[in-house]
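Coordinates in review
Listed here are the chains, written in short residue letters.
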Amino acid sequence: MDSSSDNSDSEDLISASEDYYSSSESESDDDTLNSARNWCPIDIQASTPAPPNFQFSSTPGINPSTKILLGNTDDPMMFFSIFFDEKIMSFIVEETNRYAEDFFNKSDLTPSSRALNWKIRTSKN
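Residues numbered from 1 in each chain as written. Predicted model: local features only at pLDDT ≥ 70, side-chain atom pairs only at ≥ 80, totals over all residues. Heavy atoms only, no water.

The name given to the protein chain in an unreviewed UniProt entry is PiggyBac transposable element-derived protein domain-containing protein, and the organism recorded there is Araneus ventricosus.

**Focus: the overall build of the protein chain**
Looking only at helices and strands, the protein chain has 5 helices and 0 strands in total. Each helix and strand of the protein chain, ordered N terminal to C terminal, gives the series α-α-α-α-α. The buried share among the 125 residues of the protein chain stands at 5%. (Helix = DSSP H or I, 4+ residues; strand = E, 2+ residues; numbered from the N terminus. Buried < 20%, exposed > 50% of the residue type's maximum accessible area, 1.4 Å probe, protein only.)

**Structural notes on the pattern of salt bridges**
Counted according to the given criterion, the structure contains 1 salt bridge. The closest approach of N and O atoms between Glu 95 and Arg 98, which form a salt bridge, is 2.4 Å. Placement of both Glu 95 and Arg 98 in helix 5 (residues 86–106) is noted, with a separation of 3 residues, approximately one turn of the helix. We classify Glu 95 as partly exposed; its relative accessible area is 28%. (Salt bridge = Lys/Arg side-chain N within 4 Å of Asp/Glu carboxyl O.)

**A word on the packing of aromatic side chains**
Here the structure, examined in full by the defined rule, presents 2 aromatic pairs. Taking 4.6 Å as the distance between ring centres and 10° as the angle between the ring planes, the aromatic pair formed by Phe 80 and Phe 84 counts as stacked. Plain terms: the ring middles of Phe 103 and Phe 104 are 5.7 Å apart, the flat faces sit at 65° to each other, and that makes the pair edge-to-face. Phe 103 gets classed as partly exposed once you look at its relative accessible area, which sits at 35%. Positioned above the aromatic ring of Trp 118, the side-chain terminus of Arg 121 is 5.7 Å from the ring centre. (Phe/Tyr/Trp six-rings, centres within 6.5 Å; stacked < 30°, edge-to-face > 60°. Lys NZ or Arg CZ within 6 Å of the ring centre and 35° of its normal.)

**A word on the environment of Leu 116**
Inspection of the secondary structure puts Leu 116 in the segment after helix 5. Since its relative accessible area comes to 47%, Leu 116 is described here as partly exposed. Here Leu 116 is in contact with Leu 109, Thr 110 and Pro 111, once residues within four sequence places are set aside. (Contact = heavy atoms within 4.5 Å.)

**A look at a nonpolar patch on the surface**
Together, Met 77, Phe 79, Phe 80, Ile 82, Phe 83, Phe 84, Ile 88, Phe 91 and Ile 92 make up an exposed nonpolar region whose accessible area comes to about 840 Å². Turning to its location among the elements, Phe 91 is positioned in helix 5. (Patch = residues over 30% accessible without salt bridge, like charges linked within 9 Å, V, L, I, M, F, W, Y side chains within 5 Å. Areas by Shrake-Rupley, 256 points an atom, 1.4 Å probe, with all protein chains shown as cover.)

**Some details on the side chain of Ser 113**
Topologically, Ser 113 is positioned in the segment after helix 5. Looking at Ser 113, its side chain comes within polar contact range of the main-chain nitrogen of Ala 115, at 3.2 Å. (Polar contact = N/O pair within 3.5 Å; in protein donor to acceptor, adjacent residues only side chain to side chain.)

Given below as structure tokens:
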């Protein structure tokens, strides 16, 4: 294909896309943008109203049926371990160690830097 036919094709596409939008749509978009640009002054001296007060109507703590699943214990670590299992903790440790390694490779640390106290982490420590 020659470049003149390529130019002709692209001009046809541009013309077709311009025809697709009517002037009323364009004007409507302009009106919407103009109304969105109307800023209103804010009185910083006026206090903002407090958010609505929602009454807590349940018993705080772990649901009794959930406690049965946890072995009928109140141990918060047992509840925590439901969401942060060994796989998640290992991932966090790996990423922490990788970040530390990148940090040390990119940084010129002074001998008194507290970063030099860093130790490679494991999911056990």
